[in-house]
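# Structural overview
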Protein chains: 2
Amino acid sequence: MEANELINRAMARGRMTLTEAEAKKLLSKYDVPVVDEVVVNNGEEAAVQAENIGFPVVLKGLGEKVTHKTELGLVRLNLGNEEEVKQAAAAIAESAGADLEGYLVQPMLSGRREFVAGLVRDPQFGPVVMFGWGGVFTEALRDVAFRIAPFDETEADRMLDEVRAAGLLGAFRGEALADRDAIIKALVGLSRLGTEFPEVAEIDVNPLLVGPDGRVTAVDALVALSRESQLTQRHFESEAVQTDKSFMDAMFHPKSIAVIGVPRTMEAGWLGLMGSIQAFGYPGRLYPINPKADEINGLKAYASLTDVPEPVDLVLVSVPAPLVPAALRDCVASGNKNVHIFSAGFKETGEAEGIRLQEEIEDIARKGGLRVIGPNCMGLYVPKARIVTWMSPSGESGPVAFISQSGGHAQDFTHYSSRFGIHFSKVISFGNALTLDSTDFLEYLGEDEETKIITMYLEGIQNGPKLLRQITELNRRKPVIVYKGGLTEFGARAVASHTGSLAGGEHIWDALYRQSGAVKVNSLEEMADMLLAFLHLPPARGHRVGILGTGGGIGVAATDTCARAGLEVPVLTEKTQKAFREFVPAAGNSIRNPVDAHPAISDLGNLEKALNILAGDPLVDVMILSIAIDWLFNVEEGGYVRKLAEYIAEQSRKHTSGKPLVVCWRRFRPDQGMEEVEHFFQKTLYDAGVPVYDNLSRAAITLSKFADYHRFINTGGR
Amino acid sequence: MEANELINRAMARGRMTLTEAEAKKLLSKYDVPVVDEVVVNNGEEAAVQAENIGFPVVLKGLGEKVTHKTELGLVRLNLGNEEEVKQAAAAIAESAGADLEGYLVQPMLSGRREFVAGLVRDPQFGPVVMFGWGGVFTEALRDVAFRIAPFDETEADRMLDEVRAAGLLGAFRGEALADRDAIIKALVGLSRLGTEFPEVAEIDVNPLLVGPDGRVTAVDALVALSRESQLTQRHFESEAVQTDKSFMDAMFHPKSIAVIGVPRTMEAGWLGLMGSIQAFGYPGRLYPINPKADEINGLKAYASLTDVPEPVDLVLVSVPAPLVPAALRDCVASGNKNVHIFSAGFKETGEAEGIRLQEEIEDIARKGGLRVIGPNCMGLYVPKARIVTWMSPSGESGPVAFISQSGGHAQDFTHYSSRFGIHFSKVISFGNALTLDSTDFLEYLGEDEETKIITMYLEGIQNGPKLLRQITELNRRKPVIVYKGGLTEFGARAVASHTGSLAGGEHIWDALYRQSGAVKVNSLEEMADMLLAFLHLPPARGHRVGILGTGGGIGVAATDTCARAGLEVPVLTEKTQKAFREFVPAAGNSIRNPVDAHPAISDLGNLEKALNILAGDPLVDVMILSIAIDWLFNVEEGGYVRKLAEYIAEQSRKHTSGKPLVVCWRRFRPDQGMEEVEHFFQKTLYDAGVPVYDNLSRAAITLSKFADYHRFINTGGR
């Protein structure tokens with residue numbers, strides 16, 4: 001029987017799980033090495049087959065309605081002869097009653113290494129495959145790795161190494177090396193099965209037993225079906241044809257804008273949408289819509305969008321939520337397609353009226369073919385096009401794009417980044433994602449020549465597989481940095497399998513990061529830290545850090561901090577140490593790494609020597625220069641720190657042998673003069689494009705993730 | 001045979017491990033429930049005993065030289081009748097050869113739940129007991145908890161809950177509840193055994209099997225002995241009688257000080273030891289020692305300490321390392337006992353000459369009865385006594401003491417803390433701890449009336465058990481905050497057991513934190529954050545946080561941040577939500593928790609209402625007020641933020657129902673006016689003693705650890 005027949009037959013009979021025998025038949029077609037087994041009708045047949053298989057055997061009750069076999073006593077292990085098989089069959093028949101339809105006879109396999117493989121269907125990502133520590137302790141130990149399907153052998157191979165129990169795959173206590181390839185094929189098979197059959201909702205292969213000879217066998221299996229999962233899959237496949245470049249171009253560089261809902265007078269503290277656009281010097285045609293005004297802020301006002309003399313490139317909607325449906329109908333009526341809905345009060349309120357309103361406007365938008373940014377968002381900020389919806393934006397354009405589900409984050413992050421000389425090509429705050437979602441913007445920005453690095457703040461997504469495909473493809477050309485909000489929230493849902501119950505929370509998003517190589521950050525601050533590295537540093541060849549610094553306890557703290565961040569702190573070569581020893585005395589200094597040596601920092605000539613020596617060490621991949629302002633301030637009352645800043649800004653990169661160097665500083669003394677020097681130090685380095693951080697932890701985390709990215713790009717993540 | 005006889009006999013014969021039978025005999029005396037077993041001489045006897053025990057049985061080869069029994073095939077499982085026992089005995093005899101001295105016959109126990117218990121002797125902490133997931137996968141899974149011995153049943157009980165596999169102790173898949181008490185008693189027994197017998201170096205009880213009936217049995221056991229561990233233990237017990245209060249009083253409030261090694265002219269950038277003391281306004285008698293000067297900085301100079309007219313309360317030594325031995329000899333000769341050695345260049349260099357020098361001065365100090373702070377450290381900072389060895393210290397005295405192994409940290413932390421209005425009673429930088437160690441200072445500060453909170457920065461310690469006892473006792477009266485440097489460094493050492501190989505790194509220090517309730521921090525910044533809470537907040541009754549704030553993405557970020565920090569973010573009661581809804585509209589606001597509501601923050605009357613409502617919610621234990629300066633600045637161009645600061649400083653605590661409230665703020669816009677407002681906001685709150693942090697993560701981590709502390713104090717850590 002073919003795979004689809006097995007599935008269809010069960011569903012036709014209203015069954016939402018396959019029997020164990022069916023499940024294994026299905027899985028065997030997808031490279032899962034299932035145990036050799038025979039289905040029989042009664043104890044006599046079982047005894048005969050057991051003889052063929054060879055004792056000891058396992059006997060299991062089988063039936064369409066038979067679940068929880070172990071708990072019901074329908075699994076009998078280690079049967080040593082024909083008589084025991086017959087007795088077991090009788091006992092099973094008694095326990096199962098009318099539900100019993102037959103028996104499974106299997107060889108009794110031994111093996112201490114039990115793994116689990118499985119599949120679960122995530123509402124955002126579709127089929128997701130799990131591998132981990134198995135057997136009865138699966139859920140107690142939660143030692144598992146996930147991958148979003150489809151994926152290939154290389155990815156499955158990486159997955160194996162992610163679980164703590166990976167060590168058990170090697171030769172283990174007298175047992176042979178596990179057949180790693182068999183596990184890899186099985187995982188890829190599960191990925192294929194999940195991709196081909198949306199009606200397969202969950203799979204548990206548990207245990208996936210590794211025998212003393214290393215052979216891998218699926219001893220038990222569960223396959224759960226669902227009609228809902230079919231719907232999710234169809235949703236992923238039905239891509240609205242919205243990501244047409246020309247309309248995106250029009251939205252991001254609009255020649256004309258209409259704003260529905262412009263107050264006659266400005267609110268206190270905020271210019272409003274139109275005011276912000278005007279204040280930013282927007283050069284295009286701007287049409288305020290307000291039925292109660294003739295003119296607003298020097299511009300002719302229109303009573304309705306339908307009165308505006310042309311279809312515009314972008315309509316901004318800023319009326320209270322209950323009036324939004326009417327505004328959208330006006331858009332449809334007047335042939336306007338590109339809309340940003342600023343207004344809030346929809347699905348995000350979690351209240352009935354808001355949810356109903358969102359459904360109403362979604363219906364209008366879809367039927368009318370509207371391309372909607374929002375609702376509940378700040379829309380677009382494009383410095384070159386002079387469009388923005390908030391106050392005091394930077395007027396400078398730069399190579400970074402930001403796709404943000406939060407409007408607050410869009411404003412805050414662009415303001416914050418400008419401190420560090422980071423500027424933006426395009427920023428999109430898209431809120432509730434009525435018709436345009438993050439993937440639509442990602443597609444556009446992937447081709448946007450002004451955009452070299454893409455940052456994203458995401459809460460929910462509508463098409464996980466597409467997001468994964470896009471980031472995976474893009475990330476090599478343009479680093480993609482993703483801040484996922486809500487990672488710690490665990491959705492409660494009913495699940496049938498171990499795999500399902502283990503799939504919550506961060507696991508699946510971690511799979512996205514691991515598979516795509518996207519850079520994971522957990523805050524806006526961290527996102528800016530990463531941007532400084534991506535904007536200014538040469539590639540990192542590895543994770544081994546050389547640290548040059550001075551000041552209290554830095555050696556110990558730096559080693560701890562770097563180790564926690566995922567960097568290695570190698571002991572420098574003899575040659576390097578000897579070179580340092582020539583101008584750094586032993587007392588009060590350390591030169592093994594970290595190089596904690598006042599003499600190497602407190603003189604510019606020595607600093608240059610020290611940078612050259614450190615960069616020349618073959619054990620060093622990346623470098624941190626750690627400046628304790630407190631300890632250097634006394635030299636020339638801050639004058640030396642200023643000179644140091646200028647030296648680092650202008651000269652340091654010539655002495656790093658092409659290795660990435662970041663700078664961090666500390667300043668503990670509450671001293672006005674020191675604060676000024678600190679500002680000068682930072683500003684000088686930002687202006688020069690030298691990544692600089694206000695503590696070692698930020699520097700170390702940034703460098704470590706930066707090295708992760710380059711390892712991924714160079715080796716596929718190994 | 002008594003325990004000491006078993007151990008002594010083995011050591012007398014030069015054996016460093018007990019046989020399995022001896023090990024179990026020893027363990028059974030310490031409440032470890034070992035399997036019933038019989039020692040026999042040959043296969044015939046084994047068969048007879050197997051009959052008595054009941055089949056199936058396990059047969060093991062036994063002998064003083066027999067190790068790695070499993071690998072050598074000397075363990076035969078599941079023997080079903082007499083014949084099989086005899087055959088197995090013969091096979092074992094063949095494999096073991098001349099080393100075989102007899103056999104162990106045990107019942108064949110079944111059980112899927114395998115744990116491990118063990119003991120290891122740590123050079124800093126002495127005997128440490130482990131419990132965790134056991135069986136052959138112990139090291140692959142590393143699911144273990146440690147406790148420093150001795151400890152009691154309550155502590156052992158907490159230990160059980162720390163391992164992920166704790167769930168297996170409940171009724172599990174048809175198997176009964178584990179006999180938890182038996183495990184607890186066994187762990188306490190191991191603790192006692194380790195304490196009573198310093199020659200017991202390592203123990204592995206693995207597996208500690210839980211049967212289907214819940215019964216707990218030690219199936220196998222290893223006991224390793226060592227003569228070195230005896231020495232460590234003696235070291236812990238030999239307390240030098242140094243912690244005499246009167247001499248400590250003299251050191252911390254010296255009426256006279258001599259400084260050996262005062263340069264005739266001040267160095268650039270630093271006043272030196274004597275200069276710093278003078279600049280701080282020290283009122284006592286000060287004697288500079290310099291054979292080449294008559295007078296230094298207005299004071300009569302002496303050629304040698306022996307020329308000084310009186311024995312002083314404190315001698316400061318600041319000559320190059322090679323001259324320190326002579327200086328110490330002068331101390332001994334002149335009857336001076338209290339010494340601070342500032343000089344570096346000793347053991348900390350890791351170089352042969354430095355190590356030799358340290359041994360030399362230790363010898364002089366011990367023989368001469370010197371009480372030495374240092375070498376390689378900054379010594380004492382006592383604002384009330386006007387002594388300090390660095391520049392620009394705060395002159396104010398406060399309730400915090402700091403014991404720091406790093407001189408840099410001592411300076412940096414006191415400078416840094418003064419920004420927040422945190423001041424110190426006594427600060428000790430003690431470096432290499434030649435004769436006075438952290439525990440000596442801790443003992444003194446525990447009784448010091450000026451000290452209400454104790455902070456510590458530690459790298460290595462000499463007497464872990466004493467430190468544990470002291471902190472455990474002190475922590476209830478005076479919170480103890482410990483920053484341990486070097487936690488991520490794993491010492492490589494040869495070990496005989498699983499327990500030993502799992503005991504590295506953070507595990508044992510975590511045991512110290514868990515047993516003593518000391519507050520764990522990983523940086524100076526975090527230490528200051530915690531001090532603000534301990535200095536200013538009422539006790540926390542739990543970990544449930546209510547968050548009141550406004551601004552971009554705060555809801556999602558706040559929930560993530562608090563969850564990561566270990567706080568719970570409960571959905572507020574219906575009553576609370578209703579009360580908020582009266583003045584907070586649905587669109588653009590959230591009131592479930594976090595309360596993300598601009599109207600509740602942007603008006604002082606509303607803020608007061610909001611605080612009262614939030615504090616009144618019975619689900620809220622602690623509160624965070626999150627202020628986005630960017631979002632409030634536009635109201636009166638910063639004027640509102642200033643009013644807000646003053647309101648929070650003066651009024652907020654009246655509206656928190658006695659619950660702890662901390663404030664955090666963010667400011668993203670690079671705007672001079674905003675920066676000034678930000679400074680005003682912070683300063684106003686620091687001055688008023690309201691804990692305030694520059695981001696939510698710091699606020700959340702602080703509150704969570706603060707709640708941890710109070711839970712520990714109230715419940716012993718549950």
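These numbers were taken from a predicted model, which means no experiment stands behind them.

The subject of this paragraph is the overall build of chain A. From N to C terminus, chain A includes 26 helices and 28 strands. By principal-axis analysis of the C-alpha atoms, chain A measures approximately 95 × 80 × 35 Å. Burial analysis of chain A (718 residues in total) assigns 59% to the buried set. Carbon together with sulfur atoms contributes 50% to the accessible area of chain A, which is approximately 26,800 Å² in total. Computing the positive centroid from 73 side-chain charges and the negative centroid from 94, chain A places the two 3 Å apart.

All names here are of chain A. Read from one edge to the other, the open sheet built from five strands follows the order 25-24-26-27-28, with strand pairing classed as parallel. The open sheet has two free edges, formed respectively by strand 25 (595-596) and strand 28 (692-693), since each of these has just one partner strand. Bridge count for strand 26 (residues 622-628) against strand 27 (residues 661-666) is six bridges, and the pairing is parallel. Bridge pairing links S626 to C664 in strand 27. Those strands touched by helix 25 (residues 672-688) are strand 26, strand 27 and strand 28, and its axis lies near 165° from that of strand 27.

Glancing now at the pattern of salt bridges. For side chains of opposite charge, pairing can occur when their charged atoms come near one another. Taken as a whole and assessed by the stated rule, the structure comprises 88 salt bridges over all chains. Notably, a salt bridge pairs D510(A) with K520(A), separated by 2.9 Å at the nearest N-O pair. With D510(A) in helix 17 (residues 506-516) and K520(A) in strand 23 (residues 519-521), this pair connects stretches of sequence that are 10 residues apart. A relative accessible area of 25% means that D510(A) is categorised as partly exposed. Residues R158(B) and E155(B) are paired through a salt bridge, measuring 2.9 Å at the closest nitrogen-oxygen approach. Note that R158(B) and E155(B) are positioned in helix 6 (residues 153-162) at a spacing of three residues, about one turn of the helix. We note that R158(B), like E155(B), is buried. Residues joined by salt bridges that share partners form a network here, namely R9(A), R13(A), R15(A), E22(A) and E64(A).

Turning our attention to the nonpolar core. Residues L187(A) and L187(B) are the most contacted members of the largest nonpolar core, which totals 103 residues. Every residue in contact with L187(A), bar those within four places of it in the chain, is listed here: A117(A), V129(A), M130(A), F131(A), F151(A), A156(A), M159(A) and L160(A). Counting residues in hydrophobic clusters, the runner-up holds 93 residues, among them A533(A), I601(A), V620(A) and Y686(A).

Before going further, it helps to examine the interface of chain B and chain A. Interface extent is often summarised as the accessible area lost during association of the parts. With 65 residues of chain B at the interface, the matching set in chain A holds 64 residues. Taken as a group, F137(B), R564(B) and F668(B) account for 13% of the area that chain B buries against chain A, more than any other trio of residues on that side. Between the two partners, chain B and chain A, sit four salt bridges. Joining chain B to chain A, the criterion identifies 14 residue pairs in polar contact (both at pLDDT 80 or more). Among the elements of the structure, helix 5 (138-141), helix 13 (407-418), strand 22 (480-484), helix 18 (524-536), helix 19 (554-565), helix 23 (629-632) and helix 25 (672-688) of chain B are those that each provide at least two residues to the side of chain B that touches chain A. The element that contributes the greatest number of residues to the side of chain B that touches chain A is helix 13 of chain B, accounting for seven residues. Looking at the side of chain B that touches chain A residue by residue, the class counts come to 22 nonpolar, 21 polar and 22 charged.

Residue and element names in this part refer to chain A. Strand order in the open sheet made by the six strands is 18-20-19-21-22-23, with mixed pairing throughout. Edge positions in the open sheet fall to strand 18 (379-381) and strand 23, since each of these has one partner strand only. Averaged over all adjacent pairs, the angle separating strand axes in this sheet is 20°, with direction ignored. Examined bridge by bridge, strand 22 (residues 480-484) and strand 23 share three bridges and lie parallel to one another. By the bridge assignment for strand 23, I481 is matched with V519. Together, strand 21 (453-458) and strand 22 form the strand contacts of helix 15 (residues 464-474), whose direction differs from that of strand 21 by roughly 155°.

Residues and elements named next belong to chain A. In total, this model carries 32 aromatic pairs over all chains according to the counting rule given. Look at F115 and F131: their rings are 5.3 Å apart centre to centre, the planes differ by 15°, and that puts the pair in the stacked class. Note that F115 is positioned in strand 5 (residues 113-122) and F131 in strand 6 (residues 126-133), a separation of 16 residues in sequence. Looking at F115, the relative accessible area reads 0%, which means it is buried.

Cis geometry marks the peptide bond from N593(A) to P594(A); its omega dihedral reads -5°. Take P594(A): it is sitting in the loop between helix 20 (574-581) and strand 25. In the segment running from F55(B) into P56(B), the intervening peptide bond is cis, with an omega of -10°. Its place among the elements puts P56(B) in the loop between helix 3 (43-53) and strand 2 (57-62). Here the phi dihedral of A433(A) falls at roughly 55°; this positive angle occurs in a residue that is not glycine. Among the structural elements, A433(A) can be located in the loop between strand 20 (424-429) and helix 14 (438-447).

Time to look at the packing of helix 9 (residues 245-252) of chain B against helix 14 (residues 438-447) of chain B. Residues and elements named next belong to chain B. Following both chains from N to C, one finds helix 9 and helix 14 inclined at 90°, their axes separated by 11 Å at the closest point. Relative to helix 14, the element helix 9 is oriented roughly perpendicular. Residue-level contacts link K245, M248, D249 and F252 of helix 9 to D440, F441 and Y444 of helix 14. Of the residues that constitute the contact of helix 9 with helix 14, the class distribution is four nonpolar, no polar and three charged.

Least-squares fitting of chain B to chain A yields an RMSD of 0.1 Å, with the superposition described by an axial translation of 0.0 Å and a rotation of 180°. Both chain copies can therefore be described as sitting about a two-fold axis. Nearest to the rotation axis, the C-alpha of L141(B) is located 4.3 Å from it, this being the minimum over chain B. The fraction of interface residues of chain B whose copies in chain A are also interface residues reaches 98%, indicating that both copies meet through the same surface.

Once that is clear, we can look at the environment of A88(A). All names here are of chain A. For A88, the location among the structural elements is in helix 4 (residues 82-96). We classify A88 as buried; its relative accessible area is 5%. As a C-alpha pair, A88 and T559 span 471 residues in sequence and 62 Å in three-dimensional space. Ignoring any residue separated from it by four or fewer positions in sequence, one finds A88 in contact with L59, R76 and L79.

The next subject is the state of the cysteines. Residue and element names in this part refer to chain A. Within the structure shown, the criterion is met by zero disulfides over all chains. Left unpaired, C331 is separated from the closest cysteine sulfur, that of C377, by 14 Å. Owing to a relative accessible area of 0%, C331 belongs among the buried residues under this scheme.

Residue and element names in this part refer to chain B. Listed in full, the buried residues belonging to helix 1 (residues 3-12) are A3, L6, I7, A10 and M11. Relative to the axis of helix 1, the buried residues are bounded by an arc of 120° and lie together on one face. Phi turns positive one or two residues past the end of helix 1, at G14, with a value near 75°.

Each value, and the rule that gives it
- Residues numbered from 1 in each chain as written.
- Chains lettered and ligands numbered in written order.
- Predicted model: local features only at pLDDT ≥ 70, side-chain atom pairs only at ≥ 80, totals over all residues.
- Heavy atoms only, no water.
- Helix = DSSP H or I, 4+ residues; strand = E, 2+ residues; numbered from the N terminus.
- Buried < 20%, exposed > 50% of the residue type's maximum accessible area, 1.4 Å probe, protein only.
- Areas by Shrake-Rupley, 256 points an atom, 1.4 Å probe, with all protein chains shown as cover.
- Lys, Arg positive; Asp, Glu negative; His and termini not counted.
- Charge placed at Lys NZ, Arg CZ, Asp CG, Glu CD.
- Pairing = 2+ DSSP bridges.
- Contact = heavy atoms within 4.5 Å.
- Axes fitted to C-alpha atoms, helices over the stretch in contact; angles between N-to-C directions.
- Salt bridge = Lys/Arg side-chain N within 4 Å of Asp/Glu carboxyl O.
- Core = buried A, V, L, I, M, F, W, Y, C linked by side-chain atoms within 4.5 Å.
- Buried area = accessible area lost by both parts, 1.4 Å probe.
- Polar contact = N/O pair within 3.5 Å; in protein donor to acceptor, adjacent residues only side chain to side chain.
- Nonpolar A, V, L, I, M, F, W, Y, C, P; charged D, E, K, R; others polar.
- Phe/Tyr/Trp six-rings, centres within 6.5 Å; stacked < 30°, edge-to-face > 60°.
- Parallel < 35°, antiparallel > 145°, perpendicular 65-115°, else oblique.
- Least-squares fit on C-alpha atoms with pLDDT ≥ 70 in both.
- Disulfide = S-S within 2.5 Å.
- Arc of directions from axis to C-beta.

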